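Residue-level structural notes
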Amino acid sequence: MEVKTSLLDNMIGVGDMVLLEPLSEDSFIANLRNRFDHNEIYTYIGSVVISMNPYRSLPIFTPEKVEEYRNRNFYELSPHIYALADEAYRSLRDQDKDQCILITGESGAGKTEASKLVMSYVAAVCGKGQEVNKVKEQLLQSNPVLEAFGNAKTVRNDNSSRFGKYMDIEFDFKGDPLGGVISNYLLEKSRVVKQPRGERNFHIFYQLLSGASDDTLKKLKLDRDFSKYNYLSLDSAAVNGLDDAANFRTVRNAMQIVGFMEDEVQSVLELVAAVLKLGNIEFKPESRCNGNDESRIKDKNDLKEMCELLGTEQTVLERAFSYRTVEAKQEKVCTTLNVAQAYYARDALAKNLYSRLFSWLVTRINESIKAAPKSRHKVMGVLDIYGFEIFEENSFEQFIINYCNEKLQQIFIELTLREEQEEYVREGIEWTNIEYFNNAIICDLIENHQNGILAMLDEECLRPGTVTDETFLDKLNTICAEHLHFESRLSKSSKFLTDHSLPHNCFRIQHYAGKVLYRAEGFVDKNNDLLYRDLSQAMYKANHSLMKQLFPEGNPAKVNLKRPPTAGFQFRHSVGTLMRNLQTKNPNYIRCIKPNDKKASHIFTDSLVCHQVRYLGLMENVRVRRAGYAFRQAYEPCLERYKMLCKRTWPHWRGPAREGVEVLMADLTVPAEEFSYGRSKVFIRNPRTLFFLEERRRQCLQDLATLIQKIYRGWKCRSHFLLLKKSQIVVAAWYRRYAQQNKYKRIKSATTVVQSYTRGWQARKLLRELKYQKRCEEAVTTISAYWHGTQARRELRRLKEEARRKHAVAVIWAYWKGLKVRREYRKFFRANAGKKIYNFTIQRIMQKYFLGLKSTMPSMSPIDKSWPVKPYLFLDGVHSDLRRIFHLWRCKKYRSEFTEEKKAVFEEKLEASEIFKDKKALYASSVSQPFMGDYLEISKNPKYQKLNSAMDEKVLLADVVNKINRANGKGTARIFLLTKNSVVLADQKTGQVKASVPLPDLTSVSVSTQSDGFFALKLKEGSASAIKGDFLLSSEHLIEIITKLHRTGATAADSEQLNIDISDEFLVQFKHDKVCVKFIQGGPKNGNSVSCKRKNNRLLEVSVPSTV
Ligand SMILES: Nc1ncnc2c1ncn2[C@@H]1O[C@H](COP(=O)(O)OP(=O)(O)OP(=O)(O)O)[C@@H](O)[C@H]1O
Ligand SMILES: [Mg+2]
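First things first, this report covers the structure right here in the doc. The shown structure was predicted, so the numbers you read here are calculated from the model rather than taken from an experiment.

Calculation rules
Residues numbered from 1 in each chain as written. Chains lettered and ligands numbered in written order. Predicted model: local features only at pLDDT ≥ 70, side-chain atom pairs only at ≥ 80, totals over all residues. Heavy atoms only, no water. Salt bridge = Lys/Arg side-chain N within 4 Å of Asp/Glu carboxyl O. Helix = DSSP H or I, 4+ residues; strand = E, 2+ residues; numbered from the N terminus. Buried < 20%, exposed > 50% of the residue type's maximum accessible area, 1.4 Å probe, protein only. Pairing = 2+ DSSP bridges. Axes fitted to C-alpha atoms, helices over the stretch in contact; angles between N-to-C directions. Donors = N, O, S within 2.8 Å, 3.2 Å for Na, K, Ca; no water. Phe/Tyr/Trp six-rings, centres within 6.5 Å; stacked < 30°, edge-to-face > 60°. Lys NZ or Arg CZ within 6 Å of the ring centre and 35° of its normal.

As a further point, take the pattern of salt bridges. For the coordinates displayed, the defined rule picks out 57 salt bridges. Across the salt bridge formed by K526 and E397, the nearest N and O atoms sit 3.2 Å from each other. Of the two residues, K526 is situated in helix α18 (residues 523–528) and E397 in helix α14 (residues 396–427); the sequence distance between them amounts to 129 residues. Judged by relative accessible area, K526 falls into the partly exposed class, the value being 25%. What emerges from the salt-bridge pattern is a single network uniting R162, E188, R191 and E199.

This is how it looks when you write it as structure tokens:
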């Protein structure tokens, strides 16, 4: 998108009428039309904005547009109301100048819309924040409320403001809104009771009936049907594009935002409803005896409902509509009212009720939006006052409205045209006077204190005697007849005598905006604005929260006989105040123009626009602008603003500001005709020159900004660099420290390694040397040992040799000596000498042998197998004989130490060995076990006391054995007792004797060859014991039992030798059967236990583990 930098860019027609060439009314209108056709509704005349009503929404009021115009120079962009608002806001905020936005134009020209646009723009660009937003919202939302109550549809405008509004928005030093004050001017209250054809009453009536809920309407005793109310015109009740119901919701919402309490809203609506009800009250004449008619209320229902709404007594109001009390000089006179007077009273009440309600609303809104009192607020005033009006029939209201517009024109003229010319004179600038129409004369005609129309009206109203509109007109005709702008048929001036367009009951004023014909009828009444005291007192008495505030004069305690100020007087006064207020502020003008009379878009009626251009004095405005200078500024601010454009004035100019500006202009080579130097200001003729300066300034600012940026960036970079450098030094220092530390550590560890290697090497070297030394020493030692050994052996050999030699010598010598002796003594011992020597030698040897044997005798233990080695071969036989003899002797010695019991034990052991050794595998394990005999300690154990006592004989053996069950081979524990005569089997638990076998009945005992403890006691056939058959038993002490059985059986007097049958298969007699008991080597699956199984009737198989 192309960015606009000047008003001159892509201009349609000319954006500023000052630039129009050639300047004429036609070209002016053509330019407006051209721009209007291109949707350019705004055009400038210098700083004045001309606004054409587009009668449709254009996309030029978006938030983007707001941003576009924000903080931009006035002439920078296309003309826009935002540019004006921005300019005003910025000069308020930055230069502390109070502003006023004066929006003028005829009815329907777009003043109210323009004022809202200005307010919304300011709201958008000023500060933000919760509190500020609330203030903004309240200020903006005051509009819908006031529009609902103060606007109405007219033939000219569907939303015509029927009151004047001036709103002061107050800002703090930052430009944030603090609050506001609204002033309202003369509501057109006559509309409440009567509306011209094609127009409506105030919006609120229609909004209430369309938008309120059924419930609300019921409470207000209203009917939704407009036709039920006399005060509502029906022909134009519905307006195109106006949604009353929706607007009602908007209004209620706005009231809530502004700060109305719910009960306040309700009270307001009650009064609105009461006005509607009031309109429905009708009167009928009732003849009185004095011939006068007296009014009576026709149907009291509406009155009743109205009284309920207002909380008044029905009778009081009824009376007030029939009688009137006049007080004069402490006299009270009560007169009856006829029907016409009653209607007048009713309408007066309705109008007063409504207009006072409206004023109360404004006061209430002001209460909400008022800023906290502070020493100084900056103020921006927005004036949206009813536009200049010319109706078919113009009455007092139009007169007042048009007077107000005259005053505004006046202030416009004063502040723009006259002020401008005067300024040139003041500044000593050459100036060609421009003729313009000054409407001061018209203002004077209306407001002059002595002979102004308003003064005369007041005079007439206050005059005693009969006062009518005619008397007023007469007065005008006499006094104003000579006035250039006053026209009347009855005036002394003869020129209007034949003017048939001027009826007799009218007068005409040539306003600045055109001639307006006013009907004198109603002027006096409306100016008086009288409300019968009875009515105001009735209203004051009403039991309603608002009524006492609305009708303070009704307070009987404050009866004031002085007439209240007239409407005209009040208005003139408030307009005067407004004008004085506006004059203290910097004015900003928006001149609204209506393009057509049809409220239609795209239609541009030249004549209508031309008329408005004329009466708004726009041509004069342009001319003055063009004749003069488009822009002026005091030297100091001008120099301050543009001094950067010239090297000599930048950055400081020491001399006077004017010279500085001269230097500046000269330097910029601005053509001389483009500017003039006044006494205190420089005047720039053409906006283009200003644009040029502004553009140069902008560029220069950009350059300066670039320079500042450059310096700042340089500074920032340098600071950054210095920081980096500093940081780098720190980092480098730390890094170096770290690197050095690492290096040091590396060197240290390397040194340690080298050191360790060196030390290792040195140590190894030393070790080697030491080893070598040691080896050397060892070698030396070895060598020396060998050497010494060799020497020793040699010496030993030598000594041996020597000893041998000596021995040999001795032997030889002995032999030789013997030989010599023998030879010598041969002759003497020849026969026995050899034998004697031999015996002697033998004797000596034997002696030595025995003595040696004595000292080396082994111990006396029979199992000690040691024996000294034989000393001589020839004693071999003797030596072994001696050994045997010694052993036998030793055994005998050992035996001789035995007691009888020990002897018996050994005998038993001996017998066991004889019976079982090498026959039964179990034997080996029994050798080391002493035979204890009584394993159960039967004599001591009290458990077996009974069993013991049952025994006749001494128990030789008592043990627990397993009696093998013949049927299944399983064992049952039994006590086995052996006495000298019998074998007894008893129950292990009870000790009861199960079987007692006398030993003589026992023929044999069968056992296996294996390591099991099974034994069968075979009984003598036919014996008493043999009835049950043989016993097959198993015992851990089998060897001892059998041995003892064998010995006892042998010693038993009448028994034969007990046979011990050792075999792996033997027969056992079980009752009548003979069963073969077979012992087999058991496999590993049986584990280490001996198991016995009955295989069949004839075979009992005992599996014996091989390892047991
Ligand atoms: N800028 C605009 N854009 C769109 N429509 C507009 C604009 N200005 C005015 N209008 C239309 O013109 C109508 C009349 O405008 P507005 O009420 O502002 O006139 P006014 O000058 O205030 O009249 P009055 O003096 O009767 O109050 C508006 O209701 C709206 O439809
Ligand atoms: Mg308006």
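Moving on to the sheet that holds strand β25 (residues 1014–1019). Read across the sheet, 8 strands follow the order β23-β22-β21-β20-β26-β25-β24-β27 without closing on themselves; strand pairing throughout is mixed. This sheet does not close on itself; its edge strands, each paired only once, are β23 (993–998) and β27 (1059–1062). Going across the sheet, the axis of each strand differs from the next one's by a mean of 30°, ignoring polarity. The sheet contact formed by strand β20 (residues 955–964) and strand β26 (residues 1031–1034) spans 2 bridges and is antiparallel. Each residue of the ladder has a partner; that of K963, found in β26, is L1033.

Protein coordination at the magnesium ion (ligand 2) comes from T112 (OG1) and S161 (OG), with a distance range of 1.9 to 2.1 Å. One end of the pair, T112, is in helix α4 (residues 111–125); the other, S161, is in strand β5 (residues 160–161), with 49 residues separating them in the sequence. With respect to burial, T112 and S161 carry one shared label: buried.

Inspection of every chain in the model, using the stated rule, returns 38 aromatic pairs. When the ring of Y894 is compared with that of F898, the centres are 5.1 Å apart and the planes differ by 75°; the resulting orientation is edge-to-face. The class for Y894 is partly exposed, based on a relative accessible area of 34%. Pairing F976 with F1015 gives two aromatic rings, centres 6.1 Å apart and planes at 85°, and the pair type is edge-to-face. Residue F976 is located in strand β21 (residues 971–979), and its partner F1015 is located in strand β25; the two are separated by 39 residues in the primary sequence. The exposure class assigned to F1015 is buried, which follows from its relative accessible area of 0%. Between R364 and the ring centre of F260, over which it is positioned, the NZ or CZ distance is 5.2 Å.

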